[in-house]
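# Reading the structure
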Amino acid sequence: MKRRLMIWGAAWMLLFSACAPAEVPTPEAPPVEAVAENPPATEPDGTEIPCVHTDFPLVARQLSAASAPVLSGTLCGAILPHYAPAMQMGADLLAARETPPDTIVILAPNHAGDGAPVQICGASYVWDGGGMAGDPALAAALAEALSLSPDDRAAGEDWSASLHVPYLSAYFPEAQIVTILLSRGADAAALQTLGESLAALAAARELFVLSSVDFSHEQTPDTAARCDRETQRLLLDGEPSALLPLGNDYLDSPESAAVLMYYADACGLTLMLQDSHIEHFIEDGRQKTGSYYAYALIKADGDVPADGAGQAADDQSAPE
């Protein structure tokens, strides 16, 4: 009960900070589709990234309405969308984590594809009235494992990671954060090394790994359902190498999902389909869809077998 009151308080603080007058007005959050054309007003300086793409009143409403699902073990990570109207699923799923992690690692797509294919960033995130501390030491350790230097350029421009941070801050305000942005075509061996390096670091600290992924885009309902079923099969069967060649008609960042899968395999964790949000719209006179799913990464508790989690519920599977 105490934790729920704290989360409600965080939600109302977010709403108040977005609505109350201030000397420096909060930038109006652009629609997700327009974000790529509207870079942050403040360039990241290597230590702080401004969360300028977030609709804070929406975040507050979603946190206030959050309802934690019952899971078969400890929530150690997730696959969640970076589409704001679908992020109620994230607010719900994150509420199921009872103890705070030390560090949260966000794996997210580099939509523009600029810079190195793998960019690891230990910067903090800030917004009017709040923020979340980075973990530069862990970022440096991960970068060293891949013979890279920490790099915050893509994280400061893309919305795929920053949209999650206010939700994570509300639930885990003392946790630190590492952001990893991945471009299409990133080297498969490097992705596997990254997942296994995360698993090695998890032996010394409590990690929560969040993969930011949107699924089938602008497909007809039948095509979307077929693509989503295949993606779901590969995710639940643990086949990252088969996932990587898939295009945007299946998911926008197979790289982010693959790293999570390599991490899960190294740690003995189970991926479960938890929730879905399917949007329908008309484009060029044809019905199209956008698919958004929430997957939970579970560590089995007690006598629950590590491979016994499986799919969360039949009615949350990809549409037929």
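Quick caveat: nothing in here was measured; it's all calculated off a predicted structure. (Residues numbered from 1 in each chain as written. Predicted model: local features only at pLDDT ≥ 70, side-chain atom pairs only at ≥ 80, totals over all residues. Heavy atoms only, no water.)

### Focus: the overall build of the protein
The secondary structure content of the protein amounts to 9 helices and 11 strands. Every one of the 320 residues in the protein was classed for burial, and the buried ones make up 53%. Put simply, of all contacts in the protein between residues at least 6 apart along the chain, 80% involve residues at least 24 apart. Element-wise, carbon and sulfur atoms account for 52% of the exposed surface of the protein, whose accessible area totals about 13,900 Å². (Helix = DSSP H or I, 4+ residues; strand = E, 2+ residues; numbered from the N terminus. Buried < 20%, exposed > 50% of the residue type's maximum accessible area, 1.4 Å probe, protein only. Contact = heavy atoms within 4.5 Å. Areas by Shrake-Rupley, 256 points an atom, 1.4 Å probe, with all protein chains shown as cover.)

### Considering the pairing of strand S8 (residues 207–212)
Within S8, 6 of the 6 residues are buried, which leaves it mostly tucked inside the rest of the structure. Side chains of S8 alternate between two faces, with Leu207, Val209 and Ser211 and Phe208, Leu210 and Ser212 buried alike. Note that strand S2 (residues 73–80) and S8 share 4 bridges and pair parallel. Bridge assignment links Gly77 to a residue of S8, and that residue is Val209. (Pairing = 2+ DSSP bridges.)

### Here we look at the nonpolar core
Side chains of nonpolar character tend, in soluble globular proteins, to be buried together. Ile104, Ile106, Tyr125, Val165, Leu168 and Tyr171 are the most contacted members of the largest nonpolar core, which has 48 residues in total. Counting 46 residues, the second largest nonpolar core, distinct from the first, contains Leu198, Val259, Met261 and Leu273. (Core = buried A, V, L, I, M, F, W, Y, C linked by side-chain atoms within 4.5 Å.)

### What about empty space enclosed by the protein?
Gaps left between atoms are located by rolling a probe of water-molecule size over the structure's atoms. Overall, the coordinates contain 2 cavities of 30 Å³ or more when judged by the stated rule. Of the pockets and cavities examined, the largest cavity occupies roughly 40 Å³. Lining the largest cavity are Leu80, Pro81, Met87, Gly90, Ala91, Leu94, His164 and Tyr167. Broken down by element, the residue count for the lining of the largest cavity peaks at 3 residues, all from helix H3 (residues 88–94). Split by residue class, the lining of the largest cavity holds 6 nonpolar, 2 polar and no charged. (1 Å grid on protein atoms, 1.4 Å probe; cavity = no way out; pocket = protein on both sides within 12 Å on 5 of 7 lines; lining within 4 Å. Points joined across faces, edges and corners; volume = space filled by probe spheres on them. Nonpolar A, V, L, I, M, F, W, Y, C, P; charged D, E, K, R; others polar.)

### Observations concerning the confidence of the model for the protein
The predicted model of the protein averages 81 in pLDDT, with 79% of residues at 70 or higher. In the model, residues 4–8 has pLDDT below 50 throughout and makes 6 contacts with residues more than four positions away in sequence or in other chains. Predicted confidence is poor over residues 303–317, with pLDDT under 50, and the contacts of this stretch with residues over four places away or in other chains come to 28 contacts. (pLDDT = per-residue confidence, 0-100.)

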